[in-house]
Amino acid sequence: EKDGYEHFMLKEIAEQPRAVADTLRGRFDTSGQILLDEVRMSDQDFRDVDKVFIVACGTSYHAGMVAKYAIEHWVRLPCEVELASEFRYRDPVLDRSTLVIVISQSGETMDTLMALRHARNQKARVLAISNTVGSTIPRESDAVLYTRAGIEVAVASTKAFLTQLAACYLVGLHLAAVRGIKYADEVGAVVAELAAAPDKIAEVLAAMEPVRELARSMGTADRALFIGRHVGYPVALEGALKLKELAYMHAEGFAAGELKHGPISLIEAGTPVVVVVPSPRGRSLLHDKVVSNIQEVKARGATVIAIAEEGDAVVAPHVDHTVFTPRVPTLLAPLLTAVPLQVFACELAAAKGLDIDQPRNLAKSVTVE
Ligand code: F6R
């Protein structure tokens with residue numbers, strides 16, 4: 001059932017265009033209107049929300065971090081994202097008008113389940129984003145949106161992550177549309193971009209050979225840093241997590257702006273730094289800031305690998321390697337920029353002869369707290 005792939009993870013990475021297309025299928029119409037009747041929340045329910053919490057663990061938490069940027073921008077609602085293992089013990093302020101979005105591929109993660117029970121006890125409304133039909137988390141939630149990624153066998157999450165992102169975008173766009181806020185008129189255009197994402201993910205996948213070569217050439221590195229800003233920050237965290245779990249390398253993700261507050265002292269000659277570069281179009285200030293972060297680490301001898309948007313002519317002269325991804329609106333970029341980082345970690349682990357699908361000490365579904 002690996003369909004000729006050597007590992008399930010490789011198969012699941014390759015399946016991502018199809019998986020994201022499945023998440024999106026039937027959930028908007030040709031006029032760009034979002035159709036989410038299946039989640040069992042009325043438009044009025046969505047209008048009653050005055051605050052959003054997103055709660056998850058691991059990779060699903062990183063998807064939630066991206067969702068926060070999208071929801072705040074599109075919906076103009078306060079949105080917090082929280083690790084499930086911290087949420088419940090922090091006495092969060094929840095009430096009837098709080099929407100808690102729990103994200104769980106397996107639908108069985110104990111920390112996330114306990115967080116959802118706590119939220120419901122406090123009368124908050126809980127919407128689950130999950131890949132597993134009939135699992136505990138969707139069953140105990142008020143509403144559910146399934147990601148339809150198909151079974152994910154590899155312990156390291158890949159297609160689940162991309163489909164969680166797509167589901168979060170749908171929820172954000174739906175909230176924006178029903179609440180009729182300022183950005184509601186952007187919804188149609190973003191929906192069209194979202195619909196085009198599966199083909200763009202396929203484009204990224206078709207250009208991964210240089211990334212594999214790069215990973216193979218990193219055999220002696222024992223650590224790596226990942227930096228990004230805005231939605232590139234959660235992507236950096238996700239890239240580092242993939243490298244930790246698969247290649248057993250000490251990898252750390254940072255918000256690029258935090259470098260000078262400590263982490264830059266980790267940089268030595270040859271330290272690999274992966275930089276998730278935002279699009280130079282639109283938010284050019286963000287792009288300029290990341291370019292200066294690149295110069296800062298370069299000046300300390302880092303080997304810089306940039307994930308940048310095609311057509312970005314500014315970044316290449318400053319870095320050692322550039323991986324280009326297709327043009328896409330900034331908020332949707334994680335659907336593309338996460339892919340090279342998955343491939344990078346997978347290939348590096350393969351080069352080290354490690355068990356790609358079943359890394360040591362990890363379980364696919366974490367049903368203990
Ligand atoms: C990382 C990974 C884990 C899971 C986390 C949450 O590749 O797979 O970090 O994302 O254990 O799992 P779910 O989404 O099933 O709640």
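Definitions and limits used
Residues numbered from 1 in each chain as written. Predicted model: local features only at pLDDT ≥ 70, side-chain atom pairs only at ≥ 80, totals over all residues. Heavy atoms only, no water. UniProt positions renumbered as here; feature names shortened; annotations may be inferred. Helix = DSSP H or I, 4+ residues; strand = E, 2+ residues; numbered from the N terminus. Rg over C-alpha atoms; globule rule 2.2 N^0.38 Å. Contact = heavy atoms within 4.5 Å. Areas by Shrake-Rupley, 256 points an atom, 1.4 Å probe, with all protein chains shown as cover. Phe/Tyr/Trp six-rings, centres within 6.5 Å; stacked < 30°, edge-to-face > 60°. Buried < 20%, exposed > 50% of the residue type's maximum accessible area, 1.4 Å probe, protein only. Lys NZ or Arg CZ within 6 Å of the ring centre and 35° of its normal. pLDDT = per-residue confidence, 0-100. Pairing = 2+ DSSP bridges. Axes fitted to C-alpha atoms, helices over the stretch in contact; angles between N-to-C directions. Near = heavy atom within 4 Å. Polar contact = N/O pair within 3.5 Å; in protein donor to acceptor, adjacent residues only side chain to side chain. Nonpolar A, V, L, I, M, F, W, Y, C, P; charged D, E, K, R; others polar.

As annotated in an unreviewed UniProt entry, the chain carries the name Glutamine--fructose-6-phosphate aminotransferase [isomerizing] and is attributed to Stackebrandtia albiflava. We quote the UniProt Function (unreviewed entry) comment for the chain here in full: "Catalyzes the first step in hexosamine metabolism, converting fructose-6P into glucosamine-6P using glutamine as a nitrogen source." Word for word, the UniProt comment on the chain under Catalytic activity (unreviewed entry) is "D-fructose 6-phosphate + L-glutamine = D-glucosamine 6-phosphate + L-glutamate".

Student: How would you sum up the overall build of the chain? Please name residues and give values.
Tutor: Within the chain, the regular secondary structure consists of 13 helices and 10 strands. For the chain, whose C-alpha radius of gyration is 20 Å, the value lies close to the compact-globule estimate of 21 Å for 369 residues. In the chain, 75% of the contacts between residues at least 6 apart in sequence involve partners at least 24 apart. Accessible surface, the chain: about 14600 Å² in total, of which carbon and sulfur atoms supply 50%.

Student: Got a sec to walk through the packing of aromatic side chains? Specific residues and values, please.
Tutor: Using the criterion set out here, one finds 2 aromatic pairs in the structure. On the numbers, 5.5 Å between centres and 65° between planes, the contact of F53 with F87 is edge-to-face. Residue F53 is found in strand β1 (residues 51-56), and its partner F87 is found in helix α5 (residues 84-87); the two are separated by 34 residues along the sequence. An identical accessibility class is assigned to F53 and F87; each is buried. Over the ring of Y248 we find R360; its NZ or CZ atom is 3.8 Å from the centre of that ring.

Student: Tell me what's going on with the environment of A67, and back it up with residues and numbers.
Tutor: Inspection of the secondary structure puts A67 in helix α4 (residues 58-75). Measuring from C-alpha to C-alpha, the distance between A67 and A313 comes to 29 Å, with 246 residues separating the pair along the chain. With sequence-adjacent residues up to four places away left out, A67 is seen in contact with I54 and C168.

Student: So what's going on with the confidence of the model for the chain? Residues and values would help.
Tutor: Looking at the chain, the pLDDT average stands at 94 and 99% of residues meet or exceed 70. Under the prediction, the complex receives an ipTM of 0.96, its pTM being 0.97.

Student: Account for the sheet that holds strand β9 (residues 303-309), naming residues and giving values.
Tutor: What the 5 strands build is an open sheet, ordered β7-β6-β8-β9-β10; its pairing is parallel. Edge strands, defined here as strands with exactly one partner in the open sheet, are β7 (250-255) and β10 (321-325). The sheet shows a mean angle of 20° between the axes of neighbouring strands, taken without regard to direction. Here strand β6 (residues 223-228) runs beside strand β8 (residues 272-276); their pairing, made up of 4 bridges, is parallel. If you follow L225 over to β8, its bridge partner there is V273. Strand contacts of helix α12 (residues 284-299): β6, β8 and β9, with the helix running at about 175° to β8, the strand carrying the most contacts.

Student: Could you give me a rundown of the site of the ligand, with the residues and numbers involved?
Tutor: Around the ligand sit 13 residues, and of these S60, S104, Q105, T109 and E245 come closest. Measuring from an oxygen atom of the ligand, one finds a side-chain N or O atom of S104 at 2.6 Å. Taking Q105, its main chain carries an N or O atom lying 2.6 Å from an oxygen atom of the ligand. A total of 410 Å² of accessible area belongs to the ligand in isolation, and the protein chains cover 88% of it. Only α4 and α11 (232-247) provide two or more residues apiece to the shell around the ligand. For the shell around the ligand, the element with the highest residue contribution is α4, accounting for 3 residues. Grouping the constituent residues of the shell around the ligand by class yields 3 nonpolar, 8 polar and 2 charged.

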